Amino acid sequence: MTFDRRTFLRRAGLSAAGAGAIAAGLTPAVGAQSSIPAGLGALPGAGAGIPVGTLLDYASGPPSAASIRAAGHMGAVRYCSNQRPNSAWMTGKPLRRREVDDFRAHGLNMVSCYQYGRAETADWHGGAGAGDHHAPIGIRIHRDAGGPSGVPMYVAIDDNPSRWQFDNQIRPYLERWRAHLHGAGMKLGVYANAPTIDWCRQIGLGQYFWQHDWGSGGRLNPAATIHQLPVRQQVTVGGVVSDLNRVYALDYGQWWPIDPLTLAQSALGSS
């Protein structure tokens, strides 16, 4: 699916002159939805149904920033977690400073996420104790790569869990992550399916949500700021196979501020 950025601005209530006037006087702070122009800030997540761009995510590679920009993406969600044992193919883990510098030099943005184990070894299986173990690792990798304060770490629940698993394992796991992240001046994001996002929101757990489709029943949660598309829609960029993600908010947990003028020019087809 493609989308028309002109339509995006029109639905957001911005004319060309209005978008330019707003952009001339405002650059939003990272992680501050309230600093985004009112017409655009009304897009808190997928409930608006209007994607504003795309991000990649990959565990191999990484592809060059030049290839990502040439393919028209805004940046990537990147792993602030180490390779699993016997996973030498995960050459894109963990995120390194040189990749961050490459992104900045090419005008791309970065988002942090954490996932080490999966399936039977999923990190959340260990509950609160696992949160206390994994959170400092993710925060350290984020910092070593140049990651700022004030942004989220999307913590992965890469499963289709039961409500019992959520209440007894996932909730305490994420609560400990939140405590560590808040202590480091960061925020909690959650990567999960649509029902798990609902459960998190019911108890105020998480400020940003990145949805995957396993167990979502074809539903896109309206609170999702990022949506990972199905595997069949993966793309190859710079020789690296990557998942493709649609972004549904101007504040999606990115490291650096969005320049509204750049967005408006892109949307309106100006240079």
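Refer to the structure presented above.
Residues numbered from 1 in each chain as written. Predicted model: local features only at pLDDT ≥ 70, side-chain atom pairs only at ≥ 80, totals over all residues. Heavy atoms only, no water.

Quick notes on the overall build of the chain
Consideration 1: Counting its secondary structure elements, the chain contains nine helices and nine strands.
Consideration 2: Looking at the chain as a whole, 52% of its 271 residues qualify as buried.
Consideration 3: Here the analysis covers contacts within the chain between residues at least 6 apart in sequence; of these, 67% occur between residues at least 24 apart.
Consideration 4: Accessible surface computed for the chain: about 11300 Å², of which carbon and sulfur atoms make up 51%. (Helix = DSSP H or I, 4+ residues; strand = E, 2+ residues; numbered from the N terminus. Buried < 20%, exposed > 50% of the residue type's maximum accessible area, 1.4 Å probe, protein only. Contact = heavy atoms within 4.5 Å. Areas by Shrake-Rupley, 256 points an atom, 1.4 Å probe, with all protein chains shown as cover.)

Details of the nonpolar core
Consideration 1: Within the largest apolar cluster, 46 residues are counted, with the highest numbers of intra-cluster contacts made by Tyr173, Leu174 and Trp177.
Consideration 2: Other than its neighbours up to four places away in sequence, leucine 174 contacts Val155, Ile157, Leu188, Val190, Cys200 and Leu205.
Consideration 3: Membership of the second largest hydrophobic core comes to 18 residues, among which are Leu55, Val77, Tyr154 and Leu250. (Core = buried A, V, L, I, M, F, W, Y, C linked by side-chain atoms within 4.5 Å.)

Remarks on the pattern of salt bridges
Consideration 1: Scanning all chains against the criterion turns up seven salt bridges.
Consideration 2: Taking the shortest distance from any N to any O, the salt bridge between arginine 97 and aspartate 101 comes out at 3.4 Å. Here arginine 97 pairs with aspartate 101, and both are found in helix α5 (residues 97-105), just four residues apart, close to one helical turn.
Consideration 3: Between arginine 171 and glutamate 175 there is a salt bridge, with the nearest N and O atoms lying 2.9 Å from each other. Taken together, the residues arginine 171 and glutamate 175, both in helix α7 (residues 163-183) and four residues apart, mark about one turn of the helix. (Salt bridge = Lys/Arg side-chain N within 4 Å of Asp/Glu carboxyl O.)

Examining the packing of aromatic side chains
The relation between two aromatic rings is expressed through the spacing of the ring centres and the mutual angle of the planes.
Consideration 1: Per the stated rule, a full pass over the model turns up six aromatic pairs.
Consideration 2: Members of the aromatic cluster, connected to one another through ring pairs, are Tyr154, Tyr191, Tyr208 and Trp210.
Consideration 3: When the ring centre of tyrosine 79 is taken as reference, the NZ or CZ atom of lysine 93 above it lies at 4.6 Å. (Phe/Tyr/Trp six-rings, centres within 6.5 Å; stacked < 30°, edge-to-face > 60°. Lys NZ or Arg CZ within 6 Å of the ring centre and 35° of its normal.)

Considerations on the side chain of glutamine 115
Consideration 1: In this fold, glutamine 115 is placed in the loop between β3 (109-114) and α6 (127-144).
Consideration 2: Note on glutamine 115: relative accessible area 8%, which makes it buried.
Consideration 3: Dropping the residues within four chain positions of it, glutamine 115 is found in contact with Tyr79, Ser81, Lys93, Asp123, Ala156 and Asp158.

Things to note about the packing of α6 against α7
Consideration 1: Contact pair α6 / α7: the axes reach a minimum separation of 7 Å and the direction vectors enclose 35°. Judged by the sense of rotation from one axis to the other, the crossing of α6 with α7 is right-handed. Residues Gly127, Ala128, Ala130, Gly131, Asp132, His134, Ala135, Pro136, Gly138 and Ile139 of α6 form the contact with α7, whose own contacting residues are Gln169, Pro172, Tyr173, Arg176, Trp177, His180 and Leu181.
Consideration 2: Its residues assigned to classes, the contact of α6 with α7 shows nine nonpolar, six polar and two charged. (Axes fitted to C-alpha atoms, helices over the stretch in contact; angles between N-to-C directions. Left-handed = near helix turned anticlockwise from the far one by under 90°. Nonpolar A, V, L, I, M, F, W, Y, C, P; charged D, E, K, R; others polar.)

What about the packing of α7 against helix α8 (residues 194-202)?
Consideration 1: Two numbers describe how α7 lies on α8: the axes approach to 11 Å, and their chain directions differ by 60°. Relative to α8, the element α7 lies oblique. Here the hand of the crossing between α7 and α8 comes out right-handed. Touching Arg163, Phe166 and Leu174 of α7 are Thr196, Trp199, Cys200 and Gln202, all from α8. (Parallel < 35°, antiparallel > 145°, perpendicular 65-115°, else oblique.)

Some points on α6
Consideration 1: Here α6 contains 18 residues, and its C-alpha end-to-end distance of 26 Å stays within 8% of the 26 Å for a straight helix at 1.5 Å per residue.
Consideration 2: The sharpest bend along α6 comes to roughly 25°, located at histidine 134, with the proline proline 136 sitting one to four residues further on.
Consideration 3: Residues of α6 that are buried: Gly127, Ala130, Gly131, His134, Ala135, Ile137, Gly138, Ile139, Ile141 and His142.
Consideration 4: Looking at the buried side of α6, the elements it contacts are β3, β4 (152-156) and α7.
Consideration 5: Taken from the residues just after α6, glycine 146 is the one with a positive phi, measuring 95°. (Expected span 1.5 Å × (residues − 1). Bend = angle between axes of the 7 residues up to and from the residue.)

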